[in-house]
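# Results of the structural survey
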Amino acid sequence: MSTVALSKSRPYEMMMQVLGSLWFMLLAFCVAIRIGSFAEPWPSLLSSVCLAVFYVLLAALIMTRSPAKAHADGLLPRIAAFVGSYLPWTITFFGKTDQALPNLLSTACVLIGMIMMLVTIRHLGRSFSLVPQARTVVQTGPYRWIKHPLYFAEEIVIVGVVLQYLTPLTVVVLVLHIGVQVCRILYEEDLLRRTCPEYSSYEVSRWRLVPYVW
């Protein structure tokens, strides 16, 4: 069976959902263990609670997404999707800072990003996915202004995570992640153009992430 045919099969789709959800539940569990120790100052505990809730939310979204109408061809889009989805969350296994200011800033970023994600998902519905997939072209809510509000919300959360584990190495991971996310966006747009005729007219009047920038 070819890679493309396998990716379109229901068992493959279910396996990816289960594995993706288990990964984020594992991260939530690791953060919960740290929270349960009560060994951290309250700003650090607050940022950890927000992060654990965010991981559980991601796990739930992956498990409840609807089947895709089309998938991106080839391995590169899938590699970019998995690296972009999972690389930044390995930061959780780095040493955490106990300084109050980075943790408070982290809490603000995680909360803002999580609220933006919830608002976006309310309009996106079950079209949420990790690898480039085509379901429908959503044009309501934040999609009225930018084409990829979910990516934007995710980056805000990841900046919050980096603030919790702030080192030169985690900053490098953040920069690499942004580069991979740009590739994911381009792969996703190419798939939507080929699959959804209405996407071409939709994209000409919207910015990708940041209005008047890109």
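Residues numbered from 1 in each chain as written. Predicted model: local features only at pLDDT ≥ 70, side-chain atom pairs only at ≥ 80, totals over all residues. Heavy atoms only, no water.

### Quick word on the UniProt feature "transmembrane region" (unreviewed entry) in the protein
Filter applied, for reference: UniProt positions are given in the numbering used here, feature names are shortened, and annotations may be inferred rather than shown by experiment. Where helices and strands are cited, they refer to DSSP runs of H or I of at least four residues and of E of at least two residues respectively, numbered from the N terminus.
Those places that UniProt annotates as "transmembrane region" (unreviewed entry) correspond, in this numbering, to residues 42–63, 75–94, 100–121 and 156–180. In residues 42–63, helix accounts for 100% and strand for 0%; the two terminal C-alpha atoms are 32 Å from one another. Its end C-alpha atoms 29 Å apart, residues 75–94 is made of 55% helix and 0% strand.

### Examining the packing of aromatic side chains
Convention followed: Any pair of Phe, Tyr and Trp rings, taking the six-membered ring for Trp, is counted once the centres come within 6.5 Å. Such a pair is stacked with planes under 30 degrees apart, edge-to-face with planes over 60 apart, and tilted for the rest. A 1.4 Å probe rolled over the protein chains alone gives each residue an accessible area, and that area as a share of the maximum for its type sets the label: buried under 20%, exposed over 50%, partly exposed in between.
Evaluated as defined, the whole model comprises three aromatic pairs. The interplanar angle of 45° and the centroid separation of 5.7 Å between the aromatic rings of Tyr-199 and Tyr-202 together place this pair among those described as tilted. With Tyr-199 and Tyr-202 both in helix 8 (residues 198–203), this residue pair falls three residues apart, about one helical turn. The pair Tyr-199 / Tyr-202 is uniform in exposure class, with both members buried. Judged by centre distance (5.7 Å) and plane angle (50°), the ring pair of Trp-207 and Tyr-212 falls under tilted.

### Some words on the nonpolar core
Which entries qualify depends on this criterion: Only buried residues count toward a nonpolar core, which is a set of Ala, Val, Leu, Ile, Met, Phe, Trp, Tyr and Cys residues joined through side-chain atoms within 4.5 Å. The contact rule is simple, with two residues in contact once any of their heavy atoms fall within 4.5 Å.
Of all hydrophobic cores here, the largest spans 40 residues; its most connected members are Phe-24, Phe-54, Tyr-55, Trp-89, Met-117 and Val-161. At the level of elements, helix 2 (10–36), helix 3 (42–64), helix 5 (100–124), helix 6 (149–164), helix 7 (168–195) and helix 8 are the ones that each hand at least two residues to this core. The element best represented in this core is helix 3, accounting for 11 residues. Excluding residues within four positions of it along the chain, Trp-89 makes contact with Trp-23, Phe-24, Leu-27, Leu-51, Phe-54, Tyr-55, Leu-58, Glu-154, Val-157, Ile-158 and Val-161.

### What to know about the side chain of Thr-120
We apply this condition: We define a polar contact as two N or O atoms separated by no more than 3.5 Å, with the added condition that, inside protein, one atom must be a possible hydrogen donor and the other a possible acceptor, whereas residues neighbouring each other in sequence contribute only through side-chain atom pairs.
Inspection of the secondary structure puts Thr-120 in helix 5. Here the side chain of Thr-120 touches Met-116 through a polar contact of 2.8 Å, landing on its backbone oxygen. Look past the residues within four positions of Thr-120 in its chain and what remains in contact with it is Pro-142, Tyr-143, Pro-149 and Leu-150.

### Here we look at the pattern of salt bridges
Opposite charge on two side chains permits them to pair, given that their charged atoms come into close proximity. This is how it is decided: In the sections that follow, a salt bridge refers to a side-chain nitrogen of Lys or Arg positioned within 4 Å of a carboxyl oxygen of Asp or Glu.
Under the counting rule described, the total for this entry stands at six salt bridges. Among the ionic pairs, Lys-147 bridges to Glu-203, the shortest N-O distance being 3.5 Å. Taken as a pair, Lys-147 in the loop between strand 2 (133–134) and helix 6 and Glu-203 in helix 8 lie far apart in primary sequence, 56 residues in all. Here Glu-203 falls in the buried class, since its relative accessible area comes to 14%. Across the salt bridge formed by Arg-193 and Glu-189, the nearest N and O atoms sit 3.4 Å from each other. Residue Arg-193 and its partner Glu-189 are both found in helix 7; the two are separated by four residues, about one turn of the helix. Linked by salt bridges that have partners in common, Lys-147, Glu-189, Arg-193, Glu-203 and Arg-208 make up one network.

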